[in-house]
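If you want the building blocks of each chain, they are given just below.
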Amino acid sequence: MPQKINAVDTSPGWNEEGQQLMVTGTVFQQDGRTPAKDVVIYYWHTDNDGYYSPAPGMDERVKRHGHIRGWVKTGPDGKYAIKTIRPAPYPKDMLPAHIHLSVKEPAVANEYYTDEINFEGDTLLVAHFRKYPPENRGGSGVVKVQLKDGRQVAEHNIVLGLNIPYYPKK
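Keep in mind it's a predicted model, so treat the numbers as computed, not measured.

Cut-off values and rules
- Residues numbered from 1 in each chain as written.
- Predicted model: local features only at pLDDT ≥ 70, side-chain atom pairs only at ≥ 80, totals over all residues.
- Heavy atoms only, no water.
- Helix = DSSP H or I, 4+ residues; strand = E, 2+ residues; numbered from the N terminus.
- Rg over C-alpha atoms; globule rule 2.2 N^0.38 Å.
- Buried < 20%, exposed > 50% of the residue type's maximum accessible area, 1.4 Å probe, protein only.
- Contact = heavy atoms within 4.5 Å.
- Areas by Shrake-Rupley, 256 points an atom, 1.4 Å probe, with all protein chains shown as cover.
- Lys, Arg positive; Asp, Glu negative; His and termini not counted.
- Charge placed at Lys NZ, Arg CZ, Asp CG, Glu CD.
- Salt bridge = Lys/Arg side-chain N within 4 Å of Asp/Glu carboxyl O.
- Core = buried A, V, L, I, M, F, W, Y, C linked by side-chain atoms within 4.5 Å.
- Polar contact = N/O pair within 3.5 Å; in protein donor to acceptor, adjacent residues only side chain to side chain.
- Phe/Tyr/Trp six-rings, centres within 6.5 Å; stacked < 30°, edge-to-face > 60°.
- Lys NZ or Arg CZ within 6 Å of the ring centre and 35° of its normal.

A. Region of interest: the overall build of the chain. Looking only at helices and strands, one finds one helix and 12 strands in the chain. Secondary structure of the chain in N-to-C order comes out as β-β-β-β-β-β-β-β-α-β-β-β-β. At 16 Å, the chain has a C-alpha radius of gyration in line with the 15 Å of a compact globule built from 170 residues. Considered along the principal axes of its C-alpha atoms, the chain spans approximately 40 × 40 × 35 Å. Put simply, the chain has 170 residues, and 46% of those count as buried. Of the contacts made within the chain by residues no fewer than 6 positions apart, 70% connect residues no fewer than 24 positions apart. When the accessible surface of the chain is totalled, it reaches about 9,700 Å², and 51% of it is carbon and sulfur. Separation between the mean location of the 21 positive side-chain charges and that of the 20 negative ones in the chain comes to 4 Å.

B. Seen up close, the pattern of salt bridges. Going through the model one piece at a time under the given rule, you end up with three salt bridges. Of the charged contacts in the structure, one is a salt bridge between Glu60 and Lys63, with a shortest N-O distance of 2.9 Å. The closest approach of N and O atoms between Asp115 and Arg137, which form a salt bridge, is 2.8 Å. Of this pair, Asp115 sits in the loop between strand E7 (112-113) and strand E8 (117-119) while Arg137 sits in the loop between helix H1 (125-131) and strand E9 (142-143), placing them 22 residues apart in sequence.

C. Quick peek at the nonpolar core. Counting residues in hydrophobic clusters, the biggest one holds 24 residues, and the most contacted among them are Val27, Tyr80, Ile99 and Leu160. Looking at this core, the elements with two or more residues in it are strand E2 (20-28), strand E3 (40-45), strand E5 (79-85), strand E6 (98-104) and E8. For Val27, the residues in contact, after removing those within four places along its chain, are Thr34, Pro35, Ala36, Val39, Ile41, Thr74, Gly78, Tyr80, Ile158 and Leu160. Counting residues in hydrophobic clusters, the runner-up holds six residues, among them Ile5, Val40, Trp44 and Trp71.

D. Highlighting the environment of Lys79. You can see Lys79 is positioned in strand E5. Discounting chain neighbours no more than four positions away, the residues touching Lys79 are Ala7, Gly25, Thr26 and Thr74. Here Thr26 takes part through its side chain, which lies 3.1 Å from a polar atom of the side chain of Lys79.

E. Summary view of unusual backbone geometry. One non-glycine residue with positive phi stands out, namely Asp149, at about 55°. Structurally, Asp149 is set in the loop between strand E10 (145-148) and strand E11 (151-155). A positive phi angle is found at Tyr166, which is not glycine, with a value near 60°. Note that Tyr166 resides in the segment after strand E12 (158-159). Residue Tyr166 is classed as exposed on the basis of its relative accessible area, which comes to 84%.

F. Highlighting the packing of aromatic side chains. As enumerated under the stated definition, the model contains five aromatic pairs in all. An aromatic cluster is defined as three or more aromatic residues linked by ring pairs; in this entry it consists of Tyr42, Trp44, Trp71 and Tyr113. Positioned above the aromatic ring of Trp14, the side-chain terminus of Lys83 is 5.9 Å from the ring centre. In this structure, Arg86 is placed above the aromatic ring of Phe119, and the distance from its NZ or CZ to the ring centre is 4.3 Å.

This is the structure:
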């Protein structure tokens, strides 16, 4: 994890082949209304071909997440933005395209996973959810994608602790 993390991150994928995607959102406290500041979100996803492709010289400990990954840290308004490309689904698999998220709160000892970001309209999504219903960890992971200035834009809000097993806060 970098020493300095901003509320906006541009992933290595932003300038690679694929459809540019901007994910924006707000992280809220457990009440679902109060913005949460200083929350770190680690994200990672596949490339335009559906692989977690490592970059040359990448640390062995993170190669499994590939090179399209990064961190954002919410500001006082709880907002964050990730500039990346839209991930492709795994080749020869039924799993829909998705972005993984791990959340680290300032006052909680361990990070935790939320539901992956999935894309409304993905043809693989319905069958996947029939077999594996969403848990809505942190809120709904399904985002609606809109086109703005040739880029896809999606909003994904997170509620801290929502449906997180063994979440330590009341």
